[in-house]
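# Observations on the model geometry
Read off the chains here:
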Amino acid sequence: MVEIAISSASRSLPYSKNWPLTLQVPQDGTIADVKAAIEQKLPKFYASRQKITLKNDKNPLVDEQKLSEVLGDKFQGTELQVKDLGPQVGWRTVFFVEYGGPLLIHPLFYFFPKFWYGKDVVHSSLQNYVYAFVMLHFLKRELETIFIHRFSNGTMPLMNIFKNSGHYHIISGVLLAFDIYRPKYSATSPFIVDTYRNNQDFLYVAAGIWAFAELSNFHTHMTLRSLRPPGTRTRAIPYGYGFSLVSCPNYFFEIMGWTVVAVMTNSIAAWIFLAFSVYIMTIWALKKHRNYKKEFGKDYPKRRALFPFIL
């Protein structure tokens, strides 16, 4: 065991008035060992809410990094700092809450229209298809959260769960459900009768495109899963279906699926949700694309970030 000291990165760090702390860690210890040693002294300051950095540096050190690589032979003195990230919640829990919202909200509007609209609604084929699309999509996302996704970061700030959930619960939940299942889209509405929205061939084609998008999205998630062994932060260049054209085909196929819903219904709520989703996923895709290029350099193949041949 060796002795190291760690200081507070801010004056407001809770749980102890005796910073810097003196810690005992293994000779070949890692940053994870440092976090565990802090948690042992301050149990409420659990590891996932700690951000460890070199002194006067803002870049976080990852758990797998060895202290010998970070500090060299200088194990004595205050070389490391810790910042409190605040209460944390697991990413898997966040996803459950996000995707669970629409799964609860849409049935409330679909099965109890009289409560919301003041009258019963005889659902059109269009409404039935959209309801099935929404429920299957978010059920798929929940199952992927359980069995497919592997997360490089275990947690996120607790308050973010409310911000992230708002997108799904309000826009794709309440707003979309309220608009789609209202009498305007019912089986007897002039907006539906004798229009393409009531044409079975059109609905079959839309369902086929939607299913293609969902299955393709699932396939890319499986590809990404295969690149990261359990319990690691390993990153590798993804290849194969979809990845030959863009860095984030999972986002592209998800956008395709929601575009089908917007075109089918021409619902203002569906278009709002689509626009917001495209905006958010474009930001995510560009960031991931830049990170891939930075990490892998010349080895990273030429491809767009999100939209083939465009962006």
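Residues numbered from 1 in each chain as written. Predicted model: local features only at pLDDT ≥ 70, side-chain atom pairs only at ≥ 80, totals over all residues. Heavy atoms only, no water.

As named in an unreviewed UniProt entry, the chain is Steroid 5-alpha reductase C-terminal domain-containing protein, taken from Leucocoprinus birnbaumii. A UniProt comment under Sequence similarities (unreviewed entry) is attached to the chain, and it reads "Belongs to the steroid 5-alpha reductase family." (UniProt positions renumbered as here; feature names shortened; annotations may be inferred.)

One can find T220 in helix α7 (residues 200-226). For T220, a relative accessible area of 0% puts it in the buried group. Non-local contacts of T220, meaning those with residues more than four positions away in its chain, are made with Y241, F243, P249, N250 and F253. (Helix = DSSP H or I, 4+ residues; strand = E, 2+ residues; numbered from the N terminus. Buried < 20%, exposed > 50% of the residue type's maximum accessible area, 1.4 Å probe, protein only. Contact = heavy atoms within 4.5 Å.)

Right, let's talk about the pattern of salt bridges for a bit. Enumeration over the complete set of coordinates arrives at eight salt bridges. Here R49 makes a salt bridge to D84, at a shortest N to O gap of 2.7 Å. Taken together, the residues span a long stretch of sequence, with R49 in the loop between α1 (31-41) and β3 (50-54) and D84 in strand β4 (residues 78-84) at a distance of 35 residues. No difference in accessibility class separates R49 from D84, as the two residues are buried. (Salt bridge = Lys/Arg side-chain N within 4 Å of Asp/Glu carboxyl O.)

With 27 residues, α7 should cover 39 Å at 1.5 Å per step; its first-to-last C-alpha distance of 39 Å lies within 8% of that length. Along α7, the positions that sit buried rather than exposed are L203, A206, A207, W210, A213, E214, S216, N217, T220, H221 and T223. Tucked inside the fold, the buried residues of α7 contact α5 (125-147) and α8 (249-265). (Expected span 1.5 Å × (residues − 1).)

With that settled, the discussion passes to the packing of α5 against helix α6 (residues 160-180). Two elements in contact, α5 and α6, have axes whose closest approach is 11 Å; the angle formed by their N-to-C orientations is 165 degrees. One finds that α5 runs roughly antiparallel with respect to α6. Where α5 crosses over α6, the handedness of that crossing is left-handed. For the pair α5 and α6, the contacting residues are Q127, V130, V134 and F138 in the first and Y168, S172, L176 and I180 in the second. Among the residues making up the contact of α5 with α6, the classes are represented as six nonpolar, two polar and no charged. (Axes fitted to C-alpha atoms, helices over the stretch in contact; angles between N-to-C directions. Parallel < 35°, antiparallel > 145°, perpendicular 65-115°, else oblique. Left-handed = near helix turned anticlockwise from the far one by under 90°. Nonpolar A, V, L, I, M, F, W, Y, C, P; charged D, E, K, R; others polar.)

Looking at the element boundaries, R197 is found in the loop between α6 and α7. The spacing of R197 and I255 is 58 residues in sequence and 21 Å in space, taken between C-alpha atoms. Apart from residues no more than four positions distant in its own chain, R197 is found in contact with L126, F191, I192, F202, L203, M264, T265 and N266. Among the polar contacts made by the side chain of R197, one reaches the main-chain carbonyl oxygen of F191 at a distance of 3.4 Å. Within polar-contact distance, the side chain of R197 engages the side chain of Y196 at 3.2 Å. (Polar contact = N/O pair within 3.5 Å; in protein donor to acceptor, adjacent residues only side chain to side chain.)

On to the nonpolar core. Core analysis: the biggest nonpolar cluster contains 48 residues, and Y181, W258 and M264 have the highest contact counts within it. Secondary structure elements with two or more residues in this core: α3 (91-111), α5, α6, α7, α8 and α9 (268-296). With eight residues, α5 is the largest single contributor of residues to this core. (Core = buried A, V, L, I, M, F, W, Y, C linked by side-chain atoms within 4.5 Å.)

A few words on the packing of α5 against α7. The interhelical angle for the contact between α5 and α7, taken along N-to-C directions, is 5 degrees, at an axis separation of 11 Å. As judged from the angle between their axes, α5 and α7 are roughly parallel. Contacts from S125, L126, Y129, F133, L136, H137, K140, E144 and F147 of α5 reach α7 at Q200, L203, Y204, A207, W210, E214, N217, F218, H221 and R225. In terms of residue class, the contact of α5 with α7 is made up of ten nonpolar, five polar and four charged.

A few words now on the pairing of strand β1 (residues 2-8). Within β1, six of the seven residues are buried, which leaves the element mostly enclosed by the surrounding structure. Alignment of β1 against strand β2 (residues 21-25), held across five bridges, turns out to be antiparallel. In the strand pairing of β2, I6 is matched with L21. (Pairing = 2+ DSSP bridges.)

Attention now moves to the packing of aromatic side chains. All told, the structure shown has 27 aromatic pairs when counted by the stated rule. Ring geometry for F115 and W116: centres 4.9 Å apart, planes at 85 degrees, overall edge-to-face. Take F115: its relative accessible area is 67%, and that puts it in the exposed class. Aromatic side chains W258 and F273 sit 4.8 Å apart centroid to centroid with 85 degrees between the ring planes, which places their arrangement in the edge-to-face category. Taken as a pair, W258 in helix α8 and F273 in helix α9 lie far apart in primary sequence, 15 residues in all. You can call W258 buried: its relative accessible area is 6%. Its guanidinium or amino end placed over the ring of F191, K184 lies 4.4 Å from that ring's centre, counting from NZ or CZ. (Phe/Tyr/Trp six-rings, centres within 6.5 Å; stacked < 30°, edge-to-face > 60°. Lys NZ or Arg CZ within 6 Å of the ring centre and 35° of its normal.)

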